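Spelled out, the chains give:
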Amino acid sequence: MTKPQDEHTTRVLSVDASDKLQQQAEAQPYLEVLSGPAKGRKVLLVSTTTTLGRSSRSHVQLEDPLISANHAQVVRRGDGYIIEDLQSKNGTLVNGRSVQSAQLNAGDRLQLGGTRLAFVVPATT
């Protein structure tokens, strides 16, 4: 499990990563927490699978009582990302619609329990 380097960013890279690796990571899609206890936190999606939940075993621990211990996961598939609900009690919503699994597109709004997130794809230069 990785821990945030600061209170607003979760990365899979170590603090000693080269500048080139840091730049590559910052060009990766990420989730931005829009509401809830972790508001303002950015979660870089540099791993193939990123789990979200209340459990300390989740890659991204969200302290929201309406989120299941193992709530959902974001999986990179080829050039895209999907979100999969992990049989959570309160479900996972994408753009207001309940989903078991859904392709993510830039700007999509996710809701897990009482926490809202945005799926952000940085512009490539």
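Refer to the structure printed above.
Residues numbered from 1 in each chain as written. Predicted model: local features only at pLDDT ≥ 70, side-chain atom pairs only at ≥ 80, totals over all residues. Heavy atoms only, no water.

### Some words on the side chain of Thr-92
Here comes step 1: Mapped onto the fold, Thr-92 is located in strand β8 (residues 92–94).
Here comes step 2: Separated by 2.6 Å, the side chains of Thr-92 and Asp-85 make a polar contact.
Here comes step 3: Among all residues touching Thr-92, those that are not within four sequence positions of it are His-71, Ala-72, Ile-83, Asp-85, Arg-97, Ser-98, Val-99, Gln-111 and Leu-112. (Helix = DSSP H or I, 4+ residues; strand = E, 2+ residues; numbered from the N terminus. Polar contact = N/O pair within 3.5 Å; in protein donor to acceptor, adjacent residues only side chain to side chain. Contact = heavy atoms within 4.5 Å.)

### Considering the pairing of strand β4 (residues 49–53)
Here comes step 1: Taking burial as the measure, the 5 residues of β4 include 4 buried ones, the bulk of the element.
Here comes step 2: The sheet contact formed by β4 and strand β6 (residues 72–77) spans 4 bridges and is antiparallel. Note that in β6 the partner of Thr-51 across the bridge is Gln-73.
Here comes step 3: The pairing of β4 with strand β5 (residues 60–61) spans 2 bridges and is parallel. Each residue of the ladder has a partner; that of Leu-52, found in β5, is Val-60. (Buried < 20%, exposed > 50% of the residue type's maximum accessible area, 1.4 Å probe, protein only. Pairing = 2+ DSSP bridges.)

### A closer look at the pairing of β6
Here comes step 1: Sheet topology note: the β6/strand β7 (residues 80–85) ladder contains 6 bridges and is antiparallel. Within β7, the residue paired with Val-74 across the bridge is Ile-83.
Here comes step 2: Remark: 2 residues form the turn of the hairpin made by β6 and β7, two consecutive strands paired antiparallel; Gly-78 in that turn has positive phi of roughly 65 degrees.

### Points about the packing of aromatic side chains
Here comes step 1: Considering all chains together, one arrives at 1 aromatic pair under this definition.
Here comes step 2: Taken together, a centroid distance of 5.8 Å and an interplanar angle of 55 degrees make the contact between Tyr-81 and Phe-119 tilted. In this pair, Tyr-81 is assigned in strand β7 and Phe-119 in strand β12 (residues 115–120), connecting sequence segments 38 residues apart.
Here comes step 3: Owing to a relative accessible area of 3%, Phe-119 belongs among the buried residues under this scheme. (Phe/Tyr/Trp six-rings, centres within 6.5 Å; stacked < 30°, edge-to-face > 60°.)

### Regarding the sheet that holds β5
Here comes step 1: Taken in spatial order, the 5 strands of this open sheet run β5-β4-β6-β7-β10, and their pairing is mixed. Lying at the two open borders of the sheet, with one neighbouring strand each, are β5 and β10 (101–104).

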